[in-house]
Amino acid sequence: MSPTTPHISFIGDLTVDVYPQKNQRHLCGSSLNAAMWAKHLGTKPSIVAAVGDDQAGREYVNVLTREHIDGSRISILHGRTSVIEINITAGGERQYGDWDPGVMARYHLSKDDFAFLKKHDATLLTVYGPTRHLLDELVTFGLTNKKRKPLVAVDFGDLVQFEKSFSVVESAIDGIDMAFFGLDKDNDERLINDVQQLAASARKLCIVTLGQHGSVAFDGEKIFMQAPQSVSVKDTTGAGDAFIAGFLVSYLQTRNIQKSLEQGTILASSAIQKVGAY
């Protein structure tokens, strides 16, 4: 695989975002959001996930086919496709309502999935409470994958679904190469310090997005900081997915952390200027 056209596989939910205020629905979810942004950068993304055998599931299959995103490892399970309610504040911030993970709550990675992942340069899992089991499965894969390909990355988000407990990260770090977080500079100082210390002790690359305060990366030795772009905010949904896609693509191409922070910031800034994740 050419280092200029990295192949990245995104593991995670395919979730229908429902906006009651606008009477709109969008096919989104962390894996599709990130894959779409990675595709914008000229990569060949794939998605490893599950959808239901309902109308939304069929729509997702059609979208992946139309967008030329590899969905060959999408499992179609009997039941409902994941769906979440989102409300947008006057300042463009998202507020999540009820989330029904549907078939993702009982979806598991298979041996065939892991064989598929080995064909990629990187794989990213976005982990939530209902998909915690996928983290355990991916960590086991990372620990037993001696060649360390693909690069294994996990997005832990704001850790709210894990009650802000850092133990979920500590238990997984040996089996992954890179960790992403979306934290609040004012309210999550302890967690940010925990991330920095873990990067130093485990010698793993950890990246934290800080909203209006930009982003920071720790590689165990140095600290890299990136200021945000000043843009009009309409909807922050999917901004983190866009940032991660930009960072991963740039990092695989250059191994330059600062440039990767810049690329992630550019994509995240594009994402928040419109309603919908991509």
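Just so it is clear, the model here is predicted, and its values are computed rather than measured. (Residues numbered from 1 in each chain as written. Predicted model: local features only at pLDDT ≥ 70, side-chain atom pairs only at ≥ 80, totals over all residues. Heavy atoms only, no water.)

Q: Kindly report on the pattern of salt bridges, identifying the contributing residues and their values.
A: Enumeration according to the criterion identifies 9 salt bridges in this entry. Put simply, arginine 25 and glutamate 59 hold a salt bridge, and the shortest N to O gap is 3.1 Å. On the criterion of sequence distance, the pair formed by arginine 25 in strand E3 (residues 24-27) and glutamate 59 in helix H2 (residues 55-66) is long-range, its members being 34 residues apart. Residue arginine 25 is classed as partly exposed on the basis of its relative accessible area of 44%. Glutamate 67 is paired through a salt bridge with arginine 66; the nearest N and O atoms lie 3.7 Å apart. Through salt bridges that share partners, Lys39, Arg66 and Glu67 make up one connected network. (Salt bridge = Lys/Arg side-chain N within 4 Å of Asp/Glu carboxyl O. Helix = DSSP H or I, 4+ residues; strand = E, 2+ residues; numbered from the N terminus. Buried < 20%, exposed > 50% of the residue type's maximum accessible area, 1.4 Å probe, protein only.)

Q: For helix H7 (residues 239-254), give the residues involved together with the corresponding values.
A: With 16 residues, H7 should reach 22 Å at 1.5 Å per residue; the first-to-last C-alpha distance of 22 Å fits that figure. In terms of residue burial, H7 counts as a mostly covered element, since 13 of its 16 residues are buried. Within two residues after H7, arginine 255 carries a phi angle of roughly 55°, on the positive side. (Expected span 1.5 Å × (residues − 1).)

Q: Explain helix H1 (residues 30-40) residue by residue, including any values.
A: For H1, the buried fraction is high: 9 of the 11 residues fall into the buried class. Every buried residue of H1 is accounted for by Ser30, Ser31, Leu32, Asn33, Ala34, Ala35, Met36, Trp37 and Ala38. Phi turns positive, to about 90°, at glycine 42, one or two residues after H1.

Q: Outline the side chain of histidine 133, listing residues and values.
A: Tracing the backbone through its elements, the reader meets histidine 133 in helix H4 (residues 132-144). In this structure histidine 133 comes out as buried when scored by relative accessible area, which is 18%. Ignoring any residue separated from it by four or fewer positions in sequence, one finds histidine 133 in contact with Met104, Ala105, Tyr107 and His108. (Contact = heavy atoms within 4.5 Å.)

Q: Got a sec to walk through the pairing of strand E9 (residues 151-155)? Specific residues and values, please.
A: A large share of E9 lies buried, amounting to 5 of its 5 residues. The pairing of strand E8 (residues 122-126) with E9 spans 5 bridges and is parallel. By the bridge assignment for E9, threonine 126 is matched with aspartate 155. Examined bridge by bridge, E9 and strand E10 (residues 178-182) share 3 bridges and lie parallel to one another. Bridge pairing links valine 154 to alanine 179 in E10. (Pairing = 2+ DSSP bridges.)

Q: Explain the packing of H7 against helix H8 (residues 257-271) to me, and be specific about the residues and the numbers.
A: As a packed pair, H7 and H8 sit with axes 7 Å apart at the nearest point and diverge in direction by 150°. By the angle between their directions, the pair H7 and H8 is classed as roughly antiparallel. The handedness of the crossing between H7 and H8 is right-handed. Contacts from Ala239, Ala242, Phe243, Gly246, Phe247, Ser250, Tyr251 and Thr254 of H7 reach H8 at Ile257, Lys259, Ser260, Leu261, Gln263, Gly264, Thr265, Leu267, Ala268 and Ala271. (Axes fitted to C-alpha atoms, helices over the stretch in contact; angles between N-to-C directions. Parallel < 35°, antiparallel > 145°, perpendicular 65-115°, else oblique. Left-handed = near helix turned anticlockwise from the far one by under 90°.)

Q: Please provide a residue-by-residue account of the nonpolar core, values included.
A: Among the nonpolar cores identified, the biggest contains 86 residues, and Phe156, Met178, Phe180, Phe181 and Phe247 are the most heavily contacted of them. Top contributing element to this core by residue count: H7, with 9 residues. Other than its neighbours up to four places away in sequence, phenylalanine 156 contacts Val127, Leu135, Val168, Val169, Ala172, Ile176, Ala179, Phe180 and Phe181. (Core = buried A, V, L, I, M, F, W, Y, C linked by side-chain atoms within 4.5 Å.)

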